Amino acid sequence: MSLDVYALVLAAGLSRRYGRSKLLEELSGTPLLRHALSAAQAACPGKVVLVTGHASEDIVNAASGLADEIVLNREYRNGIGSSIAKSVSHLTEDAAAVIIMLADQPLVTAAHIGQIIEKWGNDPDAIVATRFSGLDGPPVLFGERYFGELSELTGDAGAKQVLRAHPNAVRTVGFEQAAIDIDTPDDL
């Protein structure tokens, strides 16, 4: 069995609270999107899947050179669950685990993603979540056992319901900086 870990960088949303496509806004001179993609590419080289929807062409252009595959979720208005389902269904059979990342968490580092992968330890039954502000959240790694459940997600709930359904499988890696996500211009 191959032990390939794929990073799914979710960038399909409407950025409603931001008022415009936040992932194209610059942080330290670089589009917000590229921060997450750079960390993903450093940790999972050659296995970064960018999930687009809203403003897809602009997002793909901003991601130039950092995404190995692009998955277009035409149903992005249905919520994050549809983006996760579409991208997990797209994975090749050599995928042993998937890390679900949000493109609006610019402080997530390749080192943190590496710690998640290390904590996973090639266990197909493991889930490894990031622990911040007393919560478990993204980035989250799911072993291949959970691909079926992830590919059936709908709505705006995201993968949290899969995480909650398997509390005994969850391991955590602390990373307080993951609490920073960009939802409004003031956040940036």
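Before any of the text, the structure's been laid out above.
Residues numbered from 1 in each chain as written. Predicted model: local features only at pLDDT ≥ 70, side-chain atom pairs only at ≥ 80, totals over all residues. Heavy atoms only, no water.

Student: Mind showing me how you'd approach the packing of helix α1 (residues 32–43) against helix α4 (residues 110–120) here?
Tutor: Each pair of packed helices can be summarised by the angle the axes make with each other and by the distance between the axes. The N-to-C vectors of α1 and α4 enclose an angle of 45°; their axes lie 8 Å apart at closest approach. Relative to α4, the element α1 is oriented oblique. As for the relative orientation of α1 and α4, their crossing is right-handed in sense. Here A39, A40, A42 and A43 of α1 come into contact with α4, specifically with A110, I113, G114 and I117. Broken down by class, the residue content of the contact of α1 with α4 amounts to seven nonpolar, one polar and no charged. (Axes fitted to C-alpha atoms, helices over the stretch in contact; angles between N-to-C directions. Helix = DSSP H or I, 4+ residues; strand = E, 2+ residues; numbered from the N terminus. Parallel < 35°, antiparallel > 145°, perpendicular 65-115°, else oblique. Left-handed = near helix turned anticlockwise from the far one by under 90°. Contact = heavy atoms within 4.5 Å. Nonpolar A, V, L, I, M, F, W, Y, C, P; charged D, E, K, R; others polar.)

Student: How do you make sense of the packing of aromatic side chains when you look at a structure like this?
Tutor: One pass over the structure, following the stated rule, counts one aromatic pair. On the numbers, 6.3 Å between centres and 65° between planes, the contact of F142 with Y146 is edge-to-face. Across this residue pair, the class does not change: F142 and Y146 are buried. (Phe/Tyr/Trp six-rings, centres within 6.5 Å; stacked < 30°, edge-to-face > 60°. Buried < 20%, exposed > 50% of the residue type's maximum accessible area, 1.4 Å probe, protein only.)

Student: Any chance you could explain the sheet that holds strand β6 (residues 95–102) here in plain terms?
Tutor: Paired through their backbone hydrogen bonds, the strands of a sheet run either parallel or antiparallel. In space, the seven strands of this open sheet follow the order β5-β4-β1-β6-β8-β7-β9, with mixed pairing throughout. The open sheet has two edge strands with one neighbour each: β5 (69–72) and β9 (170–174). Within this sheet the neighbouring strands show an average axis-to-axis angle of 25°, counted without direction. Direction of pairing for strand β4 (residues 48–52) relative to β5: parallel, over a ladder of four bridges. If you follow L50 over to β5, its bridge partner there is I70. (Pairing = 2+ DSSP bridges.)

Student: Would you mind showing me how to read α4 here?
Tutor: Helical geometry: 3.6 residues make up each α-helical turn, so side chains three or four residues apart lie on a common side. Looking only at α4, the buried set comprises H112, I113, I116 and W120. Down the axis of α4, the smallest arc covering the buried residues is 100°, so these residues share one side. Exposed residues lying more than 90 degrees from the buried face of α4 are A111 and E118. Looking at the packing, one finds that the buried side of α4 touches β1 (4–11), α1, β6, β7 (127–132), β8 (135–143) and β9. One or two positions beyond α4, positive phi appears at G121, with a value near 60°. (Arc of directions from axis to C-beta.)

Student: Sorry if this is basic, but what is going on with the pairing of β1 here?
Tutor: The side chains of a regular strand alternate, first on one face of the sheet and then on the other. With respect to burial, β1 is a largely interior element, eight of its eight residues being buried. Neither face of β1 is open: one carries D4, Y6, L8 and L10, the other V5, A7, V9 and A11, and all of them are buried. Bridge count for β1 against β6 is seven bridges, and the pairing is parallel. Following the sheet pairing, V5 is matched in β6 by A97.

Student: Help me understand the side chain of S87, please; the structure alone is not making it clear to me.
Tutor: Mapped onto the secondary structure, S87 falls in helix α3 (residues 80–90). With relative accessibility at 0%, the residue S87 sits in the buried group. Reaching out from S87, the side chain makes a polar contact with the backbone oxygen of I84 at a distance of 3.1 Å. Setting aside chain neighbours within four positions, we find S87 in contact with L8, L10, V51 and V71. (Polar contact = N/O pair within 3.5 Å; in protein donor to acceptor, adjacent residues only side chain to side chain.)

Student: Any chance you could explain the side chain of T52 here in plain terms?
Tutor: By secondary structure assignment, the location of T52 is in strand β4. For T52, the side chain forms a polar contact with the side chain of S56, separated by 2.8 Å. Not counting residues up to four positions away in its chain, the partners in contact with T52 are A11, A12, I59, V60, I70, V71, L72 and N73.

Student: So what exactly am I meant to see when it comes to the nonpolar core here?
Tutor: One recurring pattern in soluble globular proteins: nonpolar side chains tend to sit buried together. Counting residues in hydrophobic clusters, the biggest one holds 35 residues, and the most contacted among them are V9, L33, L37, L50, M101, W120 and L141. Among the elements of the structure, β1, α1, β4, α2 (56–62), β6, α4 and β7 are those that each provide at least two residues to this core. Per element, the largest residue contribution to this core is six residues, and it comes from α1. Other than its neighbours up to four places away in sequence, L50 contacts V9, A11, L33, L37, I59, A63, A67, E69, I70 and V71. (Core = buried A, V, L, I, M, F, W, Y, C linked by side-chain atoms within 4.5 Å.)

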